Amino acid sequence: GSRTARFAPLSAKVSTRERFDSMIDEITLPAATIEFIDSPKQRVLFKGAAAAVAAPAVREAFAIVYEDLGPVRVAGDLIFNSLAGVAETAKVTAGSEPRLQADAAEAAAAGSALSTSRKLFDLIDADASGSLDRAELARSPELVAIIRTEGEDDEAAVDRFMATADDNGDGVISFLEFAMAAATDPSLRLVDEALSAALAQQESLAADAAVDKAARGRFGRKPPSERFDSMLATCLEWEETLGCAPTMTECDLEERAAFEDQEGRLVKVLRGSFEGARCPPVAEALRVCYMEYSPLRLGGDIIFKLLGKVVDGQVKRLNS
């Protein structure tokens, strides 16, 4: 059946900021739990949310945008509600396997191990179904090379792994089952040179495919991917121009950000944008939002133009 929205409509008793805080806290997950989310794009969003929460300036920037831009708020509510259901499912899945709880006590180590398992799982999952069948396992030389024991042929190795990992006997291996196999089989916990090379090749092919797929829009307009890359690069250029890069000491945005007028709030967004642009998980999450959600893309274009005006004003003030 349909799932009831986790977040109630705004009312006089709940401020926009309180609502934002509630939603962002709801979708902030430990690294290990995020790896139990099947959708790669959704994993990017959750990793970006976790990174944003850990960076106060970035979280503040997102909160201001949510408060001040109605179209972004409406689109954000829809996305948050969808992600809340995904977060709840991931928590249940991650907590359903007792053998994983020992690793969960060491969140960083567990997150790293599960991230490796997830990369290998996605590499093998050719049809992106979220599960592995025997044919996919047999077609993966990277996996077979890791699981095969001395004197064992490829077919026997695949059969043994299938029998070991397929706990419920349904003929396919879910990510939870795969993660448990990786946690209990020492050979699968090691990322050997073959796996590293395979992942690097996969990422390179994906990047090349993305470049080939990108095409000019009508009337020569850049596709969203190019527009986002351009805005990200410009943001980092603004940071340099205003003397706010990490290696610089002359940034004076702090004083202006103390004001609660419109420009002061935009300066806070600008400051958070600088930090977010330098944080890969945040930048990748913003890329997904910009590429996949047209209302957020429109909101992003508006914010970028507003910040450009703020930067122009700051530059003029510095040069006066």
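Our structure's up above, just so we're on the same page.
To keep things clear, this report deals only with the structure shown in the data block. (Residues numbered from 1 in each chain as written. Predicted model: local features only at pLDDT ≥ 70, side-chain atom pairs only at ≥ 80, totals over all residues. Heavy atoms only, no water.)

## Description of the overall build of the protein
Helix and strand counts for the protein stand at 17 helices and 2 strands. Counting every position in the protein, which comprises 320 residues, the buried fraction comes to 42%. Across the protein, the fraction of contacts at a sequence separation of at least 24, relative to all contacts at a separation of at least 6, is 67%. Just so you have it, the protein exposes about 17200 Å², and 56% of that area is on carbon and sulfur atoms. (Helix = DSSP H or I, 4+ residues; strand = E, 2+ residues; numbered from the N terminus. Buried < 20%, exposed > 50% of the residue type's maximum accessible area, 1.4 Å probe, protein only. Contact = heavy atoms within 4.5 Å. Areas by Shrake-Rupley, 256 points an atom, 1.4 Å probe, with all protein chains shown as cover.)

## Observations regarding the packing of helix α4 (residues 56-68) against helix α5 (residues 70-94)
Remark: α4 packs on α5, axes separated minimally by 5 Å, with the N-to-C direction vectors making an angle of 105°. Between α4 and α5, the crossing angle belongs to the class labelled roughly perpendicular. Between α4 and α5, the contacting residues are Val65, Tyr66, Glu67 and Asp68 on the first element and Gly70, Val72, Arg73 and Asp77 on the second. Looking at the contact of α4 with α5, its residues break down into 3 nonpolar, 1 polar and 4 charged. (Axes fitted to C-alpha atoms, helices over the stretch in contact; angles between N-to-C directions. Parallel < 35°, antiparallel > 145°, perpendicular 65-115°, else oblique. Nonpolar A, V, L, I, M, F, W, Y, C, P; charged D, E, K, R; others polar.)

## Observations concerning helix α13 (residues 224-241)
Across its 18 residues, α13 extends 25 Å between first and last C-alpha, which sits within 8% of the 26 Å expected from 1.5 Å per residue. Buried positions along α13 lie against α15 (262-277), α16 (280-292) and α17 (294-319). Two residues or fewer after α13 comes glycine 243, characterised by a positive phi angle close to 70°. (Expected span 1.5 Å × (residues − 1).)

## Examining the packing of α15 against α17
Following both chains from N to C, one finds α15 and α17 inclined at 105°, their axes separated by 10 Å at the closest point. By the criterion of interaxial angle, the relationship of α15 to α17 is roughly perpendicular. Residues Glu263, Leu266, Val267, Val269, Leu270 and Ser273 of α15 form the contact with α17, whose own contacting residues are Ile303, Leu306, Leu307, Val310, Val311 and Gln314. The class makeup of the residues in the contact of α15 with α17 is 9 nonpolar, 2 polar and 1 charged.

## Examining the packing of aromatic side chains
Tallying each qualifying case throughout the model produces 8 aromatic pairs. Centre to centre, the rings of phenylalanine 121 and phenylalanine 178 are 5.5 Å apart; their planes meet at 65°, and the pair counts as edge-to-face. With a gap of 57 residues between them, phenylalanine 121 in helix α7 (residues 107-124) and phenylalanine 178 in helix α11 (residues 175-184) connect regions that are remote in the sequence. Residue class for phenylalanine 121 comes out buried when judged on its relative accessible area of 0%. (Phe/Tyr/Trp six-rings, centres within 6.5 Å; stacked < 30°, edge-to-face > 60°.)

## Some remarks on α15
The first and last C-alpha atoms of α15 sit 22 Å apart over 16 residues, in line with the 22 Å expected at 1.5 Å per residue. Of the residues making up α15, those classed as buried are Gly264, Arg265, Leu266, Val267, Lys268, Val269, Leu270, Gly272, Phe274, Gly276 and Ala277.

## Topic: the pattern of salt bridges
Under the counting rule described, the total for this entry stands at 19 salt bridges. One salt bridge in this structure joins aspartate 38 and arginine 118, with 3.4 Å as the shortest N-O distance. Note that aspartate 38 is positioned in the loop between α2 (31-34) and α3 (40-53) and arginine 118 in helix α7, a separation of 80 residues in sequence. The class of arginine 118 is buried, set by a relative accessible area of 2%. A cluster of three or more residues bridged by salt bridges with shared partners is formed by Arg17, Glu60, Glu67, Asp68 and Arg265. (Salt bridge = Lys/Arg side-chain N within 4 Å of Asp/Glu carboxyl O.)

## Considering the nonpolar core
Grouped together as the largest cluster of nonpolar side chains are 43 residues, with contacts concentrated most on Phe46, Leu270 and Phe274. Secondary structure elements with two or more residues in this core: α1 (16-26), α3, α4, α5, α13, α15, α16 and α17. Non-local contacts of phenylalanine 274, meaning those with residues more than four positions away in its chain, are made with Cys235, Trp238, Glu239, Leu242, Cys244 and Leu253. (Core = buried A, V, L, I, M, F, W, Y, C linked by side-chain atoms within 4.5 Å.)

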